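Each chain, written out:
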2 protein chains.
Amino acid sequence: MKEDYAIEQFRKKGYKITPQRQEILRVFIGNIDSHPLSAEEVYRKVVERYPNIGIDTIYRNLSVFLELGIINKLNFREGKSRYELNSGKHHHHLVCLKCGLTEQIDYCPFKELDLEKIQEEKNFEIKKHSFELFGYCKLCREKQAEKSLSEALSG
Amino acid sequence: MKEDYAIEQFRKKGYKITPQRQEILRVFIGNIDSHPLSAEEVYRKVVERYPNIGIDTIYRNLSVFLELGIINKLNFREGKSRYELNSGKHHHHLVCLKCGLTEQIDYCPFKELDLEKIQEEKNFEIKKHSFELFGYCKLCREKQAEKSLSEALSG
DNA sequence: CTACTTGCAAATAATTTGCATGCGA
DNA sequence: TCGCATGCAAATTATTTGCAAGTAG
């Protein structure tokens, strides 16, 4: 189970298992496959069960979780970072430019052969990559279509 | 020429051609193919020739340039954005995790066929994508190798 | 002229840090 | 007990905004 794995990571690196960390972990575990969370969102969820926590504790622990590979840090160009539980499975995201909805996709376009070729050609050691698809989700497109229609009728 | 194109874009949208805008444009044109610039870096370069400018003017005009397609906005997960002249040619970047060096690469892994497949499967209209390769550049790897060596000898 | 722009200063937003106290192992 | 953690407050960094004065077209 995900929680046991995380606890083990804490122990291994000498990090203490505090109730704050457990609550933060719980928030991520309860959030599998849904929208990656911003620090603020994590904070609001944790505060429900642990009212005295400060947002600085969230930030500090997101770093720790990140270091331990428990979560991933994502950047959707919003001026803030988002975090998701590390499923251990390589994946990327669809991001709606209108409503911010994100969806994981298993698809990855980057092939081992290309990686090697670029490493050699550019003399650059590739450690990781990001690939995000931006566009409009079904719902936002439908809303937009409705809006256009009503404007056409009234205009 | 790049400058004429930009000026034309300004006129077309009713934006005025102020000396500040010309200086900012000049900085980008003089920076082709080198490191994408942060707002602060643009500011420091412009200030050399136009000392009274404020960094808020830089930000406001980066938005305008962006809207006109004169520059691209990039995000390398540094907690700030970077900007580069829009060459009109689709490309991605190598980013060194150590020194921050970036290099453009023409290679793009994302194929039209895959795009269509995902759009259909996910019912998502894809407008753009980001693909960045993170790792270590030649220089940083060499430095690291030297450091490891000297530590081994002294240790 | 006059609407778009700028510079200044102050406001926001996200994230980080110093420090005294608290608490898990 | 002892060192890692936390909460509080204040600092930092990136970016945005209000407003009066300036200027391109």
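Residues numbered from 1 in each chain as written. Chains lettered and ligands numbered in written order. Predicted model: local features only at pLDDT ≥ 70, side-chain atom pairs only at ≥ 80, totals over all residues. Heavy atoms only, no water.

When chain B is fitted to chain A, the best match, at an RMSD of 0.1 Å, comes from turning it 180° and sliding it 0.0 Å along the axis. Expressed as a symmetry operation, the mapping of one chain copy onto the other fits a two-fold axis. Among all C-alpha atoms of chain B, that of phenylalanine 131 of chain B lies closest to the rotation axis, at 2.2 Å. In this assembly the copies share their binding face: 100% of the residues contributing to the interface of chain B also contribute to that of chain A. (Least-squares fit on C-alpha atoms with pLDDT ≥ 70 in both. Contact = heavy atoms within 4.5 Å.)

Let us look at the interface of chain B and chain A. Listed by partner, the interface residues are 33 residues for chain B and 34 residues for chain A. Both faces combined, the contact of chain B with chain A buries some 3200 Å², and carbon together with sulfur accounts for 61% of it. Per-residue buried area on chain B facing chain A is highest for Arg77, Phe124 and Ser130 of chain B; these three make up 19% of the total on that side. A salt bridge links glutamate 125 of chain A to arginine 141 of chain B; its shortest N-O distance comes to 4.0 Å. Viewed at the interface, chain A and chain B are joined by 14 residue pairs in polar contact (both at pLDDT 80 or more). Sorting the residues of the side of chain B that touches chain A by element identifies β2 (71–75), β4 (92–96), β5 (102–105), α5 (112–122), β6 (125–136) and α6 (138–154) of chain B as the ones contributing at least two each. Looking at which element gives the most residues to the side of chain B that touches chain A, the answer is β6 of chain B, with twelve residues. A breakdown of the residues in the side of chain B that touches chain A according to their chemical character gives 16 nonpolar, six polar and eleven charged. (Buried area = accessible area lost by both parts, 1.4 Å probe. Salt bridge = Lys/Arg side-chain N within 4 Å of Asp/Glu carboxyl O. Polar contact = N/O pair within 3.5 Å; in protein donor to acceptor, adjacent residues only side chain to side chain. Helix = DSSP H or I, 4+ residues; strand = E, 2+ residues; numbered from the N terminus. Nonpolar A, V, L, I, M, F, W, Y, C, P; charged D, E, K, R; others polar.)

Here we take up the nonpolar core. With 26 residues, the main nonpolar core has Phe110 and Leu133 of chain A together with Phe110 and Leu133 of chain B as its most contacted residues. Going through the elements one at a time, β4 (92–96), α5 (112–122) and β6 (125–136) of chain A together with β4, α5 and β6 of chain B are the ones with two or more residues in this core. In contact with phenylalanine 110 of chain A, other than residues within four places in its own chain, are Leu115, Ile118, Ile126 and His129 of chain A together with Tyr107, Pro109, Phe131 and Leu133 of chain B. (Core = buried A, V, L, I, M, F, W, Y, C linked by side-chain atoms within 4.5 Å. Buried < 20%, exposed > 50% of the residue type's maximum accessible area, 1.4 Å probe, protein only.)

The next thing to look at is the sheet that holds strand β1 (residues 37–38) of chain B. Spatially, the three strands line up as an open sheet ordered β1-β3-β2 (chain B), and their pairing is antiparallel. Edge positions in the open sheet fall to β1 and β2 of chain B, since each of these has one partner strand only. (Pairing = 2+ DSSP bridges.)

So, about the domain arrangement of chain A. Residues and elements named next belong to chain A. Considered domain by domain, chain A is made up of domain 1 (1–88) and domain 2 (89–155). Each of domain 1 and domain 2 has a C-alpha centre, and the two are 24 Å apart. Every contact between the two is made by ten residues of domain 1 and, on the other side, eleven residues of domain 2. With both chains or domains summed, domain 1 and domain 2 bury close to 820 Å², and 53% of this area falls on carbon and sulfur atoms. Per-residue buried area on domain 1 facing domain 2 is highest for His35, Phe76 and Glu84; these three make up 50% of the total on that side. The interface formed by domain 1 and domain 2 holds zero salt bridges in total. (Domains from an automatic or database assignment.)

Residues in contact with DNA strand D amount to 22 residues; listed here are only the nearest, Tyr15, Lys16, Asp56 and Thr57 of chain A together with Tyr59 of chain B. The sugar-phosphate share of atoms of DNA strand D within 4 Å of the protein amounts to 63%. Here a base nitrogen of DNA strand D and a side-chain polar atom of aspartate 56 of chain A are 2.4 Å apart. Here lysine 80 of chain B contributes a side-chain N or O atom positioned 3.5 Å from a phosphate oxygen of DNA strand D. (Near = heavy atom within 4 Å.)

Quick look at the packing of aromatic side chains now. Two descriptors summarise a pair of aromatic rings, namely the distance from one centre to the other and the angle between the planes of the rings. If you walk through the whole model with that rule in mind, you get nine aromatic pairs over all chains. Plain terms: the ring middles of tyrosine 107 of chain A and phenylalanine 110 of chain B are 6.0 Å apart, the flat faces sit at 55° to each other, and that makes the pair tilted. Remark: phenylalanine 110 of chain B occurs in the loop between β5 and α5 and tyrosine 107 of chain A occurs in the loop between β5 (102–105) and α5; the pair is interchain, linking two chains. Plain terms: the ring middles of phenylalanine 131 of chain A and phenylalanine 110 of chain B are 5.2 Å apart, the flat faces sit at 70° to each other, and that makes the pair edge-to-face. Taken together, the residues phenylalanine 131 of chain A in strand β6 and phenylalanine 110 of chain B in the loop between β5 and α5 connect one chain to another. You can call phenylalanine 131 of chain A buried: its relative accessible area is 0%. Through pairs of rings, three or more aromatic residues link up here, namely Tyr107, Phe110 and Phe131 of chain A together with Tyr107, Phe110 and Phe131 of chain B. Sitting over the ring of phenylalanine 10 of chain A, arginine 21 of chain A keeps its end group 5.9 Å from the ring centre. (Phe/Tyr/Trp six-rings, centres within 6.5 Å; stacked < 30°, edge-to-face > 60°. Lys NZ or Arg CZ within 6 Å of the ring centre and 35° of its normal.)

To continue, consider the protein's contact with DNA strand C. By nearness alone, 22 residues border DNA strand C, and Tyr59 of chain A together with Tyr15, Arg21, Asp56 and Thr57 of chain B come closest of all. Each atom of DNA strand C within 4 Å of the protein belongs either to a base or to sugar and phosphate, the latter forming 64%. Those elements that provide at least two residues to the surface near DNA strand C are α4 (55–67) of chain A together with α2 (19–29) and α4 (55–67) of chain B. With four residues, the single largest contributor to the surface near DNA strand C is α4 of chain B. Split by residue class, the surface near DNA strand C holds six nonpolar, eight polar and eight charged.

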